[in-house]
Amino acid sequence: MQAWDVIVIGAGAAGLMCAAEAGRRGRRVLVLDHGKRIGRKILMSGGGRCNFTNYQVEPKAFLCANPHFVKSALARYTQWDFIALVDKHGIDYHEKTLGQLFCDDSAQNIVDMLVKECDQAGVSIRLRAEVLEVDRLGEGFMVATHNEAYSCHSLVVATGGLSMPKIGASPFGYKLAEQFGLRVLPTRAGLVPFTLQPEDKQSLEPLAGVSLPVVAESEDGTRFAESLLFTHRGLSGPAVLQISSYWQPGERVRFELLPAGRLAEGVADSPNQELKTWLGRQLPKRLVEALLAREGLVNKPLKQYTPRELAAIEERLAAWSLQPGGTEGYRTAEVTLGGVDTHELSSKTMMANRVPNLYFVGEVMDVTGWLGGYNFQWAWSSGWCAGQVV
Ligand code: FAD
């Protein structure tokens with residue numbers, strides 16, 4: 001049985017960061033991944049350009065049943081630390097919107113950078129190596145793949161979440177946590193498009209391709225000002241992906257299509273204009289037609305509406321409410337909500353409080369970031385923290 005100081009399960013963002021840091025400290029580190037390529041999710045992220053962090057990383061951008069948990073790691077390894085690493089490797093990047101940083105060229109740059117960091121730190125990476133079994137061995141662990149068994153002092157579980165099963169997502173990390181008696185919080189898809197109720201399909205499906213800026217609001221009052229995109233399957237776009245993480249089945253979502261007060265301005269400025277014409281100057285025309293039909297709005301010159309009618313129209317446009325049928329699920333979700341309960345882990349080291357030398361980093365734990373580079377920042381920060389101590 002080959003002996004290692006540290007075995008990391010998962011050659012994704014968190015696992016590679018942790019491995020490089022541990023290797024730099026002189027630890028003999030082996031990374032095992034069942035995939036054919038290193039960092040597959042990084043490669044497909046951000047439309048192939050990897051939104052690797054955000055200028056404005058704050059704890060409030062993370063969902064976690066234990067909200068203070070993320071603070072320590074995010075403060076110890078910040079977005080500025082990761083940006084410095086990207087700079088050190090001469091990778092060009094740009095801010096797209098809302099502080100989101102993307103590679104100019106390709107997400108491959110980030111994978112190459114992590115592989116180089118691992119190489120320089122003497123880390124070994126084995127692909128096509130699915131970890132099938134883990135057992136306690138003294139103070140450390142025995143780790144078995146289909147054809148090898150290894151021993152290690154520290155075991156780092158960096159197996160990610162359940163989204164994108166086609167590229168290797170697996171529940172292995174959750175099962176391992178449960179095997180060692182750690183609580184795993186229920187998982188569900190996050191940052192995911194909504195599907196429609198059957199009764200909404202007829203009126204909304206023809207809007208596929210229509211996009212507009214909105215404010216999306218969940219029933220718990222969380223709000224995101226971003227774009228809404230109608231698709232053949234339902235609703236998508238950044239506003240929907242963001243709010244999906246705060247949505248529970250059966251709940252409604254509200255969209256501010258037109259800010260309150262705008263219609264009153266329209267009545268004052270263009271009293272003779274018909275509602276449809278006026279709205280067509282504020283919103284995409286296809287949406288206006290669908291809304292008039294769907295909401296049963298009568299079309300006439302603005303000055304002919306009574307104040308009560310105007311208030312009702314304004315209310316519908318400022319808080320257009322819809323009950324999604326569901327989400328597209330893990331097939332298209334960017335992240336998995338829930339996972340290993342962070343109450344079980346040290347926020348400083350990511351080690352399991354009750355299982356010495358067992359660590360969890362990245363998305364496998366119950367920490368989920370907003371859209372915008374936050375999930376990778378969590379992978380870097382949590383991986384780095386574990387890398388200092390494993
Ligand atoms: P992963 O990157 O998922 O790595 C886990 C690794 O573990 C995988 O390589 C898997 O093969 C391996 N593994 C699992 N089980 C086993 C086993 N039993 N044995 C061996 N290996 C195993 N976040 C952002 O911040 N910015 C973005 O631009 C962005 N874009 C995204 C786009 C898409 C399409 C998706 C799906 C996600 C995106 N995310 C983005 C989210 C981000 O990719 C993840 O949060 C991040 O990759 C999590 O890193 P991780 O290291 O925890 O897990």
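This structure is a prediction, so every number in the text was calculated from the model and none was measured.

Some details on the nonpolar core
Link 1 in the chain: Core analysis: the biggest nonpolar cluster contains 130 residues, and I110 and W380 have the highest contact counts within it.
Link 2 in the chain: Each of domain 1 (2-189 + 333-387) and domain 2 (207-327) gives at least three residues to this core.
Link 3 in the chain: Setting aside anything within four residues of it in sequence, one finds I110 in contact with I42, C50, F52, F82, V86, I91, C103 and W380.

Some remarks on the domain arrangement of the chain
One widely used convention gives an interface's size as the accessible area the parts lose upon coming together.
Link 1 in the chain: On domain assignment, one finds that the chain holds domain 1 (2-189 + 333-387) and domain 2 (207-327).
Link 2 in the chain: Computed from C-alpha atoms alone, the centre-to-centre distance between domain 1 and domain 2 is 39 Å.
Link 3 in the chain: Counting residues at the interface gives 8 residues for domain 1 and 11 residues for domain 2.
Link 4 in the chain: Among the residues domain 1 hides against domain 2, the three largest losses belong to R188, W370 and L371. Together they make up 56% of the total.
Link 5 in the chain: Counting across the domain 1 and domain 2 interface gives 0 salt bridges.
Link 6 in the chain: Across the domain 1-domain 2 interface, the total number found is 4 residue pairs in polar contact (both at pLDDT 80 or more).
Link 7 in the chain: Residue composition of the side of domain 1 that touches domain 2, grouped by class: 6 nonpolar, no polar and 2 charged.

Regarding the layout of surface pockets
Link 1 in the chain: In this structure, the second largest pocket encloses a volume near 220 Å³.
Link 2 in the chain: Lining the second largest pocket we find 15 residues, and of these N54, Q56, L98, W370 and Y374 sit closest to its centre.
Link 3 in the chain: The greatest single-element share of the lining of the second largest pocket, amounting to 3 residues, is contributed by strand 14 (residues 223-230).
Link 4 in the chain: Looking at the lining of the second largest pocket, its residues break down into 6 nonpolar, 5 polar and 4 charged.
Link 5 in the chain: Here the lining of the second largest pocket spans two domains, since at least three of its residues come from each of domain 1 (2-189 + 333-387) and domain 2 (207-327).

Considering the site of the ligand
Link 1 in the chain: Close contacts around the ligand come from 31 residues, with D33, N51, S170, E363 and F376 the closest.
Link 2 in the chain: Between the ligand and E334 there is a distance of 3.5 Å, counted from a nitrogen atom to a side-chain nitrogen or oxygen.
Link 3 in the chain: Within the backbone of G373, an N or O atom sits 3.5 Å from an oxygen atom of the ligand.
Link 4 in the chain: Isolated, the ligand exposes 1,000 Å² of accessible area, and the fraction of that covered by the protein chains is 95%.
Link 5 in the chain: At the level of secondary structure, the elements contributing two or more residues to the shell around the ligand comprise helix 1 (13-24), helix 2 (40-44) and helix 13 (374-387).
Link 6 in the chain: Broken down by element, the shell around the ligand gets its largest block of residues, 3 residues, from helix 13.
Link 7 in the chain: Taken together, the residues of the shell around the ligand sort by class into 12 nonpolar, 13 polar and 6 charged.

Calculation criteria
- Residues numbered from 1 in each chain as written.
- Predicted model: local features only at pLDDT ≥ 70, side-chain atom pairs only at ≥ 80, totals over all residues.
- Heavy atoms only, no water.
- Core = buried A, V, L, I, M, F, W, Y, C linked by side-chain atoms within 4.5 Å.
- Buried < 20%, exposed > 50% of the residue type's maximum accessible area, 1.4 Å probe, protein only.
- Domains from an automatic or database assignment.
- Contact = heavy atoms within 4.5 Å.
- Buried area = accessible area lost by both parts, 1.4 Å probe.
- Salt bridge = Lys/Arg side-chain N within 4 Å of Asp/Glu carboxyl O.
- Polar contact = N/O pair within 3.5 Å; in protein donor to acceptor, adjacent residues only side chain to side chain.
- Nonpolar A, V, L, I, M, F, W, Y, C, P; charged D, E, K, R; others polar.
- 1 Å grid on protein atoms, 1.4 Å probe; cavity = no way out; pocket = protein on both sides within 12 Å on 5 of 7 lines; lining within 4 Å.
- Points joined across faces, edges and corners; volume = space filled by probe spheres on them.
- Helix = DSSP H or I, 4+ residues; strand = E, 2+ residues; numbered from the N terminus.
- Near = heavy atom within 4 Å.
- Areas by Shrake-Rupley, 256 points an atom, 1.4 Å probe, with all protein chains shown as cover.

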